[in-house]
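# Report on the structure
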Amino acid sequence: IAGITQAPTSQILAAGRRMTLRCTQDMRHNAMYWYRQDLGLGLRLIHYSNTAGTTGKGEVPDGYSVSRANTDDFPLTLASAVPSQTSVYFCASSESGLAGDHGELFFGEGSRLTVL
Amino acid sequence: GESVGLHLPTLSVQEGDNSIINCAYSNSASDYFIWYKQESGKGPQFIIDIRSNMDKRQGQRVTVLLNKTVKHLSLQIAATQPGDSAVYFCAPGGGGYNKLIFGAGTRLAVHP
(Lines give C-alpha, C1' and ligand atoms only; values in the text may rest on other atoms or scores of the structure.)
Protein backbone atom coordinates (compact mmCIF):
# COMPACT_ATOMS: atom_id res chain seq x y z
CA ILE A 1 0.00 0.00 0.00
CA ALA A 2 1.44 3.34 -1.05
CA GLY A 3 2.02 5.92 1.62
CA ILE A 4 4.43 7.06 4.30
CA THR A 5 6.55 4.73 6.38
CA GLN A 6 8.02 5.90 9.67
CA ALA A 7 10.57 4.09 11.82
CA PRO A 8 10.91 3.31 14.59
CA THR A 9 7.31 3.05 15.77
CA SER A 10 8.39 3.59 19.33
CA GLN A 11 11.69 4.31 21.07
CA ILE A 12 12.91 5.01 24.58
CA LEU A 13 16.06 7.08 24.61
CA ALA A 14 18.46 8.32 27.28
CA ALA A 15 18.93 12.07 27.45
CA GLY A 16 21.99 13.24 25.56
CA ARG A 17 21.83 10.48 22.98
CA ARG A 18 21.54 11.08 19.26
CA MET A 19 18.45 9.77 17.50
CA THR A 20 17.27 9.74 13.91
CA LEU A 21 13.65 9.17 13.01
CA ARG A 22 13.23 7.84 9.51
CA CYS A 23 10.52 8.74 7.04
CA THR A 24 10.05 7.37 3.55
CA GLN A 25 7.26 8.06 1.09
CA ASP A 26 6.57 6.24 -2.16
CA MET A 27 4.13 8.71 -3.69
CA ARG A 28 6.83 10.84 -5.34
CA HIS A 29 5.56 13.85 -3.44
CA ASN A 30 7.66 16.99 -3.66
CA ALA A 31 7.02 18.29 -0.16
CA MET A 32 7.60 16.60 3.18
CA TYR A 33 7.10 17.68 6.79
CA TRP A 34 7.87 16.71 10.36
CA TYR A 35 5.40 17.50 13.14
CA ARG A 36 5.35 16.77 16.82
CA GLN A 37 2.14 16.14 18.68
CA ASP A 38 1.81 16.81 22.37
CA LEU A 39 -1.34 16.48 24.44
CA GLY A 40 -3.37 19.67 24.37
CA LEU A 41 -1.12 21.42 21.89
CA GLY A 42 -2.06 19.87 18.58
CA LEU A 43 0.40 19.29 15.77
CA ARG A 44 3.35 21.66 15.57
CA LEU A 45 5.60 21.88 12.53
CA ILE A 46 9.29 21.21 13.20
CA HIS A 47 10.86 21.32 9.74
CA TYR A 48 9.68 20.99 6.19
CA SER A 49 11.03 20.52 2.68
CA ASN A 50 9.22 21.78 -0.39
CA THR A 51 11.49 19.86 -2.75
CA ALA A 52 14.52 17.60 -2.66
CA GLY A 53 17.62 19.54 -1.69
CA THR A 54 15.79 22.27 0.25
CA THR A 55 14.57 22.49 3.83
CA GLY A 56 12.90 25.09 6.00
CA LYS A 57 12.22 25.73 9.67
CA GLY A 58 8.80 25.35 11.13
CA GLU A 59 7.32 26.56 14.39
CA VAL A 60 9.52 24.50 16.76
CA PRO A 61 12.84 23.70 14.99
CA ASP A 62 15.27 24.02 17.93
CA GLY A 63 17.06 20.79 18.80
CA TYR A 64 16.15 19.13 15.50
CA SER A 65 17.74 18.89 12.08
CA VAL A 66 16.58 17.42 8.79
CA SER A 67 18.00 16.59 5.39
CA ARG A 68 16.37 15.92 2.04
CA ALA A 69 18.93 14.20 -0.17
CA ASN A 70 16.27 12.69 -2.42
CA THR A 71 12.53 12.84 -3.03
CA ASP A 72 11.56 9.83 -0.97
CA ASP A 73 13.41 10.22 2.34
CA PHE A 74 13.21 12.90 5.02
CA PRO A 75 15.00 11.88 8.25
CA LEU A 76 14.66 13.90 11.43
CA THR A 77 17.66 13.97 13.78
CA LEU A 78 17.83 14.88 17.44
CA ALA A 79 21.52 15.60 17.99
CA SER A 80 21.34 15.42 21.79
CA ALA A 81 17.91 14.39 23.04
CA VAL A 82 16.31 16.14 26.02
CA PRO A 83 13.21 15.08 28.01
CA SER A 84 11.16 17.94 26.53
CA GLN A 85 11.47 16.19 23.18
CA THR A 86 9.33 13.34 24.46
CA SER A 87 6.47 13.38 21.99
CA VAL A 88 4.80 11.62 19.10
CA TYR A 89 6.40 12.58 15.82
CA PHE A 90 4.52 12.53 12.53
CA CYS A 91 5.99 12.71 9.08
CA ALA A 92 3.77 14.00 6.29
CA SER A 93 3.97 14.67 2.59
CA SER A 94 2.10 16.55 -0.10
CA GLU A 95 2.40 16.63 -3.87
CA SER A 96 3.05 20.35 -3.75
CA GLY A 97 4.10 22.66 -0.95
CA LEU A 98 1.18 24.92 -1.84
CA ALA A 99 -1.85 24.01 0.21
CA GLY A 100 -4.91 23.19 -1.84
CA ASP A 101 -3.21 23.10 -5.21
CA HIS A 102 -2.49 19.44 -5.54
CA GLY A 103 -4.38 17.22 -3.20
CA GLU A 104 -3.98 16.69 0.45
CA LEU A 105 -1.43 16.33 3.19
CA PHE A 106 -0.73 12.65 3.92
CA PHE A 107 0.52 11.56 7.35
CA GLY A 108 2.48 8.56 8.54
CA GLU A 109 1.44 6.53 11.55
CA GLY A 110 3.82 8.27 13.93
CA SER A 111 6.91 7.54 16.01
CA ARG A 112 6.50 7.68 19.76
CA LEU A 113 9.71 8.90 21.40
CA THR A 114 10.37 8.94 25.13
CA VAL A 115 13.49 10.70 26.39
CA LEU A 116 14.48 9.82 29.94
CA GLY B 1 0.02 35.30 16.66
CA GLU B 2 -2.23 32.79 15.00
CA SER B 3 -4.43 30.80 17.25
CA VAL B 4 -6.96 28.15 16.61
CA GLY B 5 -9.58 27.32 19.18
CA LEU B 6 -12.24 24.71 19.48
CA HIS B 7 -15.46 25.37 21.32
CA LEU B 8 -15.89 21.85 22.70
CA PRO B 9 -12.94 19.64 23.61
CA THR B 10 -15.20 16.57 23.81
CA LEU B 11 -18.44 15.92 21.98
CA SER B 12 -20.62 12.92 22.80
CA VAL B 13 -23.37 11.91 20.39
CA GLN B 14 -25.73 9.03 19.87
CA GLU B 15 -25.20 6.78 16.89
CA GLY B 16 -27.33 7.99 14.01
CA ASP B 17 -27.44 11.60 15.19
CA ASN B 18 -25.76 14.45 13.38
CA SER B 19 -22.53 15.86 14.85
CA ILE B 20 -21.27 19.41 14.62
CA ILE B 21 -17.70 20.25 15.50
CA ASN B 22 -16.77 23.91 15.64
CA CYS B 23 -13.51 25.75 15.10
CA ALA B 24 -12.57 29.39 15.51
CA TYR B 25 -9.46 30.93 14.02
CA SER B 26 -7.82 34.30 14.46
CA ASN B 27 -5.87 35.02 11.26
CA SER B 28 -8.14 36.78 8.79
CA ALA B 29 -5.55 36.12 6.06
CA SER B 30 -6.24 32.39 6.18
CA ASP B 31 -7.57 31.33 2.80
CA TYR B 32 -7.57 27.54 2.99
CA PHE B 33 -9.01 25.32 5.67
CA ILE B 34 -8.67 21.58 6.22
CA TRP B 35 -10.36 19.16 8.56
CA TYR B 36 -8.50 16.06 9.72
CA LYS B 37 -9.60 13.00 11.64
CA GLN B 38 -7.24 11.13 13.93
CA GLU B 39 -8.12 7.75 15.35
CA SER B 40 -6.37 6.51 18.45
CA GLY B 41 -2.77 5.48 17.75
CA LYS B 42 -2.90 6.55 14.11
CA GLY B 43 -1.82 9.48 12.03
CA PRO B 44 -4.22 12.25 11.00
CA GLN B 45 -6.34 11.57 7.94
CA PHE B 46 -7.69 14.20 5.56
CA ILE B 47 -11.48 14.59 5.62
CA ILE B 48 -12.41 17.66 3.64
CA ASP B 49 -11.09 21.09 2.75
CA ILE B 50 -12.55 24.43 1.77
CA ARG B 51 -11.17 27.58 0.22
CA SER B 52 -12.00 31.03 1.49
CA ASN B 53 -14.03 31.87 -1.63
CA MET B 54 -16.58 29.24 -0.60
CA ASP B 55 -18.90 29.14 2.38
CA LYS B 56 -19.96 25.52 2.13
CA ARG B 57 -18.55 22.30 0.81
CA GLN B 58 -20.00 18.82 0.99
CA GLY B 59 -18.40 15.44 0.98
CA GLN B 60 -19.60 11.99 1.79
CA ARG B 61 -21.66 12.44 4.99
CA VAL B 62 -19.63 15.52 5.88
CA THR B 63 -20.23 19.21 5.28
CA VAL B 64 -17.90 22.06 6.13
CA LEU B 65 -19.29 25.55 6.65
CA LEU B 66 -17.08 28.61 6.63
CA ASN B 67 -18.02 32.02 8.02
CA LYS B 68 -15.17 34.37 7.34
CA THR B 69 -16.98 37.31 8.90
CA VAL B 70 -16.69 35.77 12.35
CA LYS B 71 -13.68 33.57 11.53
CA HIS B 72 -15.48 30.34 12.27
CA LEU B 73 -15.85 27.02 10.55
CA SER B 74 -17.71 23.87 11.40
CA LEU B 75 -17.67 20.25 10.40
CA GLN B 76 -21.01 18.53 10.22
CA ILE B 77 -21.17 14.74 10.16
CA ALA B 78 -24.48 13.23 9.15
CA ALA B 79 -25.78 10.00 10.69
CA THR B 80 -22.77 9.62 12.97
CA GLN B 81 -21.40 6.09 13.18
CA PRO B 82 -19.17 4.38 15.76
CA GLY B 83 -16.34 4.53 13.23
CA ASP B 84 -16.51 8.30 13.39
CA SER B 85 -15.18 8.24 16.95
CA ALA B 86 -11.88 10.09 16.78
CA VAL B 87 -10.22 13.43 17.39
CA TYR B 88 -11.01 16.04 14.76
CA PHE B 89 -8.65 18.90 13.93
CA CYS B 90 -9.22 22.00 11.90
CA ALA B 91 -6.24 23.60 10.23
CA PRO B 92 -6.48 27.09 8.74
CA GLY B 93 -3.64 28.20 6.51
CA GLY B 94 -2.61 30.25 3.57
CA GLY B 95 0.01 29.87 0.90
CA GLY B 96 1.66 26.63 1.84
CA TYR B 97 1.14 23.55 3.92
CA ASN B 98 3.98 24.78 6.11
CA LYS B 99 1.68 27.63 7.12
CA LEU B 100 -1.08 25.38 8.46
CA ILE B 101 -1.93 25.87 12.13
CA PHE B 102 -3.50 22.86 13.79
CA GLY B 103 -5.89 23.20 16.69
CA ALA B 104 -5.65 20.93 19.72
CA GLY B 105 -8.59 18.90 18.46
CA THR B 106 -12.10 17.90 19.52
CA ARG B 107 -12.77 14.35 20.58
CA LEU B 108 -15.95 12.88 19.14
CA ALA B 109 -17.40 9.96 21.11
CA VAL B 110 -20.22 8.05 19.45
CA HIS B 111 -22.46 6.00 21.73
CA PRO B 112 -24.72 3.16 20.59
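Anything mentioned here points back to the structure above.
Residues numbered from 1 in each chain as written. Chains lettered and ligands numbered in written order. Predicted model: local features only at pLDDT ≥ 70, side-chain atom pairs only at ≥ 80, totals over all residues. Heavy atoms only, no water.

## Digging into the interface of chain A and chain B
With 23 residues of chain A in contact, the opposing surface of chain B contributes 18 residues. Interface area, chain A with chain B, both sides summed: about 1,700 Å², of which 57% is carbon and sulfur. At the boundary of chain A and chain B, one finds two residue pairs in polar contact (both at pLDDT 80 or more). Here the side of chain A that touches chain B takes four residues from strand β5 (residues 42–49) of chain A, the largest share from any one element. Within the side of chain A that touches chain B, the residues separate by chemical class into 11 nonpolar, nine polar and three charged. (Contact = heavy atoms within 4.5 Å. Buried area = accessible area lost by both parts, 1.4 Å probe. Polar contact = N/O pair within 3.5 Å; in protein donor to acceptor, adjacent residues only side chain to side chain. Helix = DSSP H or I, 4+ residues; strand = E, 2+ residues; numbered from the N terminus. Nonpolar A, V, L, I, M, F, W, Y, C, P; charged D, E, K, R; others polar.)

## Topic: the sheet that holds strand β2 (residues 10–14) of chain B
Sheets are built from strands that pair by backbone hydrogen bonding, the pairs being arranged parallel or antiparallel. Residues and elements named next belong to chain B. Here we have five strands laid out as an open sheet, ordered β2-β10-β9-β4-β5, and mixed in their pairing. Of all the strands in the sheet, just β2 and β5 (45–51) have a single pairing partner and so form its edges. The mean angle between the axes of side-by-side strands here comes to 25 degrees, regardless of whether they run parallel or antiparallel. By the bridge criterion, six bridges tie strand β4 (residues 32–38) to β5 in an arrangement that is antiparallel. Its bridge partner being in β5, isoleucine 34 is matched across the sheet by aspartate 49. (Pairing = 2+ DSSP bridges. Axes fitted to C-alpha atoms, helices over the stretch in contact; angles between N-to-C directions.)

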